[in-house]
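Listed below, chain by chain, are the residues.
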Number of protein chains: 2
Amino acid sequence: MTYCVGIEVDEGLIFAADTRTSASFDDVRVYRKMHIFEFPGDRVFVIMSAGNLATTQLTLSRLKRDLEDPDAPRSLRSFSHLYEVAEYIGEVLVSSQARVSDEAQQSGVSVQSTLILGGQIAGERPGLYLVYPLGNCIATSPETPYLQIGESKYGKPILDRIIRASTSLEDAARCALVSLDSTIRSNLSVGMPIDMALIKAGDLRITQKMRLEADTPLYAEIHDTWSRKLEAAVHSLPSFPWEQGRSTEPVVASAGPRVPPRRTAPRLDPGDVQGQQ
Amino acid sequence: MTYCVGIEVDEGLIFAADTRTSASFDDVRVYRKMHIFEFPGDRVFVIMSAGNLATTQLTLSRLKRDLEDPDAPRSLRSFSHLYEVAEYIGEVLVSSQARVSDEAQQSGVSVQSTLILGGQIAGERPGLYLVYPLGNCIATSPETPYLQIGESKYGKPILDRIIRASTSLEDAARCALVSLDSTIRSNLSVGMPIDMALIKAGDLRITQKMRLEADTPLYAEIHDTWSRKLEAAVHSLPSFPWEQGRSTEPVVASAGPRVPPRRTAPRLDPGDVQGQQ
């Protein structure tokens, strides 16, 4: 599995992706799912992938081959509009799937991939597209300013609640990291490290990019402090009618001593005598 | 679909359930999924259900019949241990599924249901069980203090980050409401109103129960303010290396004027010219 998210705000684009691929629980590898095509001053693209790894790699190889071949009729450099690039990538994706699907269909393996394309071409605003396995695509909209591929449910509520067009590029990036962290915590098939890239509107290049490991200080601090911040937020919600005289002041969250370990066993666990399904 | 969550903390148990059942997008109804069996001073049980509604109703009818029949060999009142009650309910569930499965299997409809049972019997600590369609069950554990049934992914991260044995009963209840609210926001098949019940350890009765509609002041305020609280929390996360001199002071979240509407269209939407998958 995989989790990638692309966000479009007024200030630009944010991309974040995990790096775990797994064919099964005992066939787990680290692969980059975020791919950058940068032509500073002219255009910049980021492509993120979920699904069949062989299909993704074939698609990317063909995109690179077209770029390097001066006689290629089309390439990432030959279009004037981002939606044309999305259509072109969709066609390459479909043909990459078709190449292996005959044998694969017999084995029951899905060869489909889903992609997120974002970037900017000089003269246009930045844009963000989700390219489906059928080759068709959808863009972000004012009401739907982000796109996800892979294991998207765990990380969706935080995006729904926070991301607006006016959100700053860096706050949107922090939100993307929390969304990734929640997903990694809840689903074994999504794993560290995290790749992140920011494109500021008009920069026509990758403005910032980073790979965050679990012990990268920024990520470690987000991972360690987010629970305390949420706890303070929950505590400051309204009181129930029977809670007379309760203080809704947030508990101290951003400073003070570390919270103790999550939980120590307070009693015998009745579950141990039951079968686990 | 459905979303129900049961939480066990040192102070007691929390139950929260939505009330939407849907056979399809145009066959949507409101049904109670939280069922209370209360024998004050002796024992108290809450049962929540997800899955086939007919199976659930049959199971509950049989539990009630056994309670009312003085000659019934077993009933919710006849056991001394909560895990025996869970096993009994599992057996009733399996037999309720079996009654309809022959015809149903031909139509492709699943007759399975999954239940959460929680409560307390005098002389025992409170306990919480998830009863599977096969009739077997698992309990909460010190490391896993909550159980979910139905559409569980959207509401899981907030529980993972906040619920510990030491969490107060009311904070755990606020957390459950946020978990429900996130799920309702993200999935059409989970809907208002919300039923909630609290059992304080040792009370041997329902300590508090309430039905929350969208316009119940407590719920409306949680729904309206939670995004702002999260936004403040995200903003107060650590700065990226390139954000020199940025203030990580939380933006004002719990007071001040309302946040403006989520988003107004800042530009033409390129997605409108694309096909929607």
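Residues numbered from 1 in each chain as written. Chains lettered and ligands numbered in written order. Predicted model: local features only at pLDDT ≥ 70, side-chain atom pairs only at ≥ 80, totals over all residues. Heavy atoms only, no water.

We now examine the packing of helix H4 (residues 169–186) of chain A against helix H5 (residues 217–235) of chain A. Residue and element names in this part refer to chain A. At a minimum axis distance of 11 Å, the contact between H4 and H5 shows a crossing angle of 75 degrees. When the axis of H4 is compared with that of H5, the two are roughly perpendicular. Within the contact between the two elements, H4 uses Leu177, Val178, Asp181, Ile184 and Arg185 and H5 uses Leu218, Tyr219, Ile222, His223, Trp226 and Ser227. When its residues are assigned to classes, the contact of H4 with H5 shows seven nonpolar, two polar and two charged. (Axes fitted to C-alpha atoms, helices over the stretch in contact; angles between N-to-C directions. Helix = DSSP H or I, 4+ residues; strand = E, 2+ residues; numbered from the N terminus. Parallel < 35°, antiparallel > 145°, perpendicular 65-115°, else oblique. Contact = heavy atoms within 4.5 Å. Nonpolar A, V, L, I, M, F, W, Y, C, P; charged D, E, K, R; others polar.)

Residue and element names in this part refer to chain B. Tallied over the entire structure, the rule returns four aromatic pairs over all chains. Their ring planes at 40 degrees and their centres at 5.3 Å tell us that phenylalanine 79 and tyrosine 88 sit as a pair that is tilted. Of the two residues examined, phenylalanine 79 and tyrosine 88, each falls in the buried class. (Phe/Tyr/Trp six-rings, centres within 6.5 Å; stacked < 30°, edge-to-face > 60°. Buried < 20%, exposed > 50% of the residue type's maximum accessible area, 1.4 Å probe, protein only.)

To continue, consider the relation of the copies chain A and chain B. Mapping chain A onto chain B calls for a screw motion: a turn of 180 degrees about the axis and a shift of 0.0 Å along it, with 0.0 Å RMSD after fitting. Taken together, the rotation and translation describe the operation of a two-fold axis. The rotation axis passes nearest to the C-alpha of tyrosine 154 of chain A in chain A, at a distance of 2.4 Å. Looking at chain A, 100% of its interface residues are interface residues in chain B too, so the copies touch through the same face. (Least-squares fit on C-alpha atoms with pLDDT ≥ 70 in both.)

Right, let's get into the nonpolar core. A general tendency of soluble globular proteins is for nonpolar side chains to be buried together. Grouped together as the largest cluster of nonpolar side chains are 72 residues, with contacts concentrated most on Ile7 of chain A together with Ile7 of chain B. Each of domain 1 (3–214) and domain 2 (215–240 + 250–255) of chain A contributes no fewer than three residues to this core. (Core = buried A, V, L, I, M, F, W, Y, C linked by side-chain atoms within 4.5 Å. Domains from an automatic or database assignment.)

Residue and element names in this part refer to chain A. The strand order across the open sheet built from five strands is E5-E6-E7-E8-E9, with neighbouring strands paired in antiparallel fashion. Unpaired on one side and paired on the other, strand E5 (34–39) and strand E9 (137–139) mark the two borders of the sheet. Recorded for the sheet is a direction-independent mean angle of 20 degrees between the axes of neighbouring strands. Strands in contact with helix H1 (residues 53–68) are E5, strand E6 (43–51) and strand E7 (113–121); relative to E5, the strand with the most contacts, it is inclined by about 10 degrees. (Pairing = 2+ DSSP bridges.)

Every contact between the two is made by 77 residues of chain A and, on the other side, 77 residues of chain B. Roughly 7600 Å² of surface becomes buried between chain A and chain B when both sides are summed, with 58% attributable to carbon and sulfur atoms. Where chain A packs against chain B, one counts ten salt bridges. Where glutamate 243 of chain A meets arginine 174 of chain B, a salt bridge forms, and the shortest distance between an N and an O atom there is 2.8 Å. On inspection of chain A and its partner chain B, the count reaches 20 residue pairs in polar contact (both at pLDDT 80 or more). Of all the elements in the fold, those that place two or more residues in the side of chain A that touches chain B are E9, helix H3 (156–162), H4, strand E11 (194–200), strand E12 (208–212) and H5 of chain A. It is H5 of chain A that provides the largest number of residues to the side of chain A that touches chain B, a total of 13 residues. Partitioning the side of chain A that touches chain B into residue classes produces 37 nonpolar, 17 polar and 23 charged. (Buried area = accessible area lost by both parts, 1.4 Å probe. Salt bridge = Lys/Arg side-chain N within 4 Å of Asp/Glu carboxyl O. Polar contact = N/O pair within 3.5 Å; in protein donor to acceptor, adjacent residues only side chain to side chain.)

Quick look at the sheet that holds strand E10 (residues 146–150) of chain A now. Residues and elements named next belong to chain A. The antiparallel open sheet is built from five strands, whose spatial order is E10-E1-E2-E11-E12. Two strands close off the open sheet at either side, each with one partner strand: E10 and E12. Direction aside, the axes of adjacent strands within the sheet are offset by 10 degrees on average. In this structure, strand E2 (residues 12–17) lies alongside E11, joined through six bridges in antiparallel fashion.

A separate point is the pattern of salt bridges. Within this structure, the stated rule accounts for 34 salt bridges over all chains. Its salt-bridge partner being arginine 164 of chain A, residue glutamate 231 of chain B comes within 2.7 Å of it at the nearest N-O pair. Linking glutamate 231 of chain B in helix H5 (residues 217–235) with arginine 164 of chain A in the loop between H3 and H4, this pair reaches from one chain into another. Taken as a pair, glutamate 231 of chain B and arginine 164 of chain A share a single burial class, namely buried. The shortest N-O distance in the salt bridge between arginine 211 of chain A and aspartate 195 of chain A comes to 2.8 Å.

Before going further, it helps to examine unusual backbone geometry. All names here are of chain A. Omega for the bond connecting methionine 192 with proline 193 falls within 30 degrees of zero, at -5 degrees, which places this linkage in the cis form. Secondary-structure assignment places proline 193 in the loop between H4 and E11. In this structure, leucine 204 is a non-glycine residue whose phi angle is positive, near 55 degrees. Tracing the sequence through the fold places leucine 204 in the loop between E11 and E12. Owing to a relative accessible area of 11%, leucine 204 belongs among the buried residues under this scheme.

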